[in-house]
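# Residue-level structural notes
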Amino acid sequence: MTGLRIGTRGSALALAQAQTVAAKLGAELVVIQSEGDRSTASLASLGGSGVFAAALREALLAGEVDAVVHSYKDLPTAPTPGLAIAAVPKRADARDALCARDGLTLANLPAGARIGTGSPRRRAQLLARRGDLEIVDVRGNVDTRIGRVGSDDAERHLDAVVLAAAGLERLGRLDAVTEHFGIDDWPTAPAQGALAVETRAGDEKTVAKIDHTPSRLTAEAERAVLALLEAGCAAPVGAHAMIDDGLLFLSARVYREDGSEYLTSSHALYPADVRDPIAELAQRVTDELLAAGAAELAPLAASRDAPGPGGTE
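The structure contained in this document is the topic of the report that follows. (Residues numbered from 1 in each chain as written. Predicted model: local features only at pLDDT ≥ 70, side-chain atom pairs only at ≥ 80, totals over all residues. Heavy atoms only, no water.)

## Points about the layout of surface pockets
What counts here: With a 1 Å grid laid over protein atoms only, a set of points is called a cavity when a 1.4 Å probe fits there but cannot get out and a pocket when it is open yet has protein on both sides within 12 Å along at least five of seven lines; lining residues have an atom within 4 Å of a point. Grid points are joined across faces, edges and corners, and a volume is the space filled by probe spheres set on the points. By definition, any uninterrupted DSSP run of H or I lasting at least four residues is a helix, any uninterrupted run of E lasting at least two residues is a strand, and each is numbered from the N terminus. Throughout this entry, Asp, Glu, Lys and Arg are counted as charged residues, while Ala, Val, Leu, Ile, Met, Phe, Trp, Tyr, Cys and Pro are counted as nonpolar. The remaining residues, Gly among them, count as polar.
Of the pockets and cavities examined, the second largest pocket occupies roughly 390 Å³. What lines the second largest pocket is a set of 23 residues, among which Tyr72, Thr77, Ala78, Pro79 and Arg223 lie closest to the centre. Of all elements in the fold, only strand S4 (83-87), helix H8 (213-229) and helix H9 (277-291) reach the threshold of two or more residues within the lining of the second largest pocket. Among the elements that make up the lining of the second largest pocket, the one with the highest residue count is H8 (five residues). Within the lining of the second largest pocket, the residues separate by chemical class into 15 nonpolar, three polar and five charged.

## Details of the environment of glycine 172
Short version of the rule: Note on exposure labels: buried denotes an accessible area under 20% of the residue type's maximum, exposed denotes more than 50%, and partly exposed covers the range between, all computed with a 1.4 Å probe on protein chains only.
If you trace the backbone, glycine 172 turns up in the loop between helix H7 (165-170) and strand S9 (179-180). A residue is classified by how much of its surface remains accessible, and glycine 172, at 53% relative accessible area, is exposed. As for glycine 172 and alanine 16, which are separated by 156 residues in sequence, their C-alpha atoms are 9.9 Å apart.

## A word on helix H1 (residues 12-25)
To be explicit about the condition: The length a helix should cover is 1.5 Å for every residue beyond the first.
With 14 residues, H1 should cover 20 Å at 1.5 Å per step; its first-to-last C-alpha distance of 20 Å lies within 8% of that length. Along H1, the positions that sit buried rather than exposed are Ala14, Ala16, Gln17, Ala18, Val21, Ala22 and Leu25. After H1 finishes, the residue glycine 26 shows a positive phi value of roughly 65°.

## Description of the pattern of salt bridges
Our working definition: Each reported salt bridge corresponds to a side-chain nitrogen of Lys or Arg within 4 Å of a carboxyl oxygen of Asp or Glu.
The final tally for this structure, using the stated rule, is 20 salt bridges. Two residues, aspartate 96 and arginine 121, come together in a salt bridge whose shortest N-O distance is 2.9 Å. You can see aspartate 96 sitting in strand S5 (residues 96-100) and its partner arginine 121 sitting in helix H5 (residues 120-129), a full 25 residues away along the chain. A relative accessible area of 0% places aspartate 96 in the buried class. A cluster of three or more residues bridged by salt bridges with shared partners is formed by Arg5, Asp66, Arg200 and Asp203.

Following this line, the structure appears as structure tokens:
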């Protein structure tokens with residue numbers, strides 16, 4: 001489509017992500033600034049990762065752009081009236097990665113090492129592995145976070161940071177990675193590594209050619225668990241879905257905030273066997289987690305008797 005305008009945040013990572021979409025569609029980029037980009041406050045205090053999506057969606061609804069590109073994991077699970085996720089391009093690496101000084105791995109970091117992350121899930125996972133660590137809440141772009149690793153400034157110094165492998169790859173910063181965490185024992189944020197291209201409802205065909213069905217299916221299955229649990233940005237929840245030999249597998253894990261305990265549920269089905277495979281599979285996983293006591297482990301709005309899904313952001 002000639003003249004297609006794609007809205008994006010102005011960070012280096014957002015621009016890199018949006019450029020891959022724009023190149024496939026022959027579109028131009030329009031940079032839109034959000035409150036999350038302007039503020040240095042913690043993500044949770046700003047109202048969660050959805051703060052990054054709000055300004056893009058406002059511009060889309062106002063007709064200032066024709067589509068917007070999000071990190072799918074940053075979107076609230078509740079749909080926005082008048083808008084639609086029109087495409088999920090082929091997903092990148094869903095894993096988390098450690099970027100540590102001196103080439104160290106998590107196991108080899110010294111006692112009391114300072115590790116930076118703004119994610120409650122990553123905090124819980126780090127403490128589950130190494131209860132002696134000092135977890136430091138960090139904000140800022142990828143280069144800013146990596147720049148604090150090994151810093152001579154005592155207040156800014158970090159021994160390592162944990163970041164999404166997909167973002168590092170898109171920015172050409174895989175050189176900073178000293179360890180990738182296996183997805184099976186370190187599940188990441190629902191839809192991590194996936195992009196979501198959003199349009200106004202009815203305009204989906206303008207970007208539909210870049211939709212990758214397996215990526216959409218796995219990302220949406222993971223997000224469906226998040227919605228059913230009614231887990232906001234402060235809940236330490238990880239999920240991973242995959243398709244293997246026609247089977248859709250979905251696993252989710254809920255952590256206690258201090259990493260001292262967690263619960264996991266995994267189920268699989270053949271998508272062709274049920275009317276709504278994403279809803280069916282996510283419901284099985286969620287029911288099992290809640291029955292096992294997940295709502296007592298983490299700040300979830302859902303309970304065993306909660307009816308149906310809903311987003312909290």
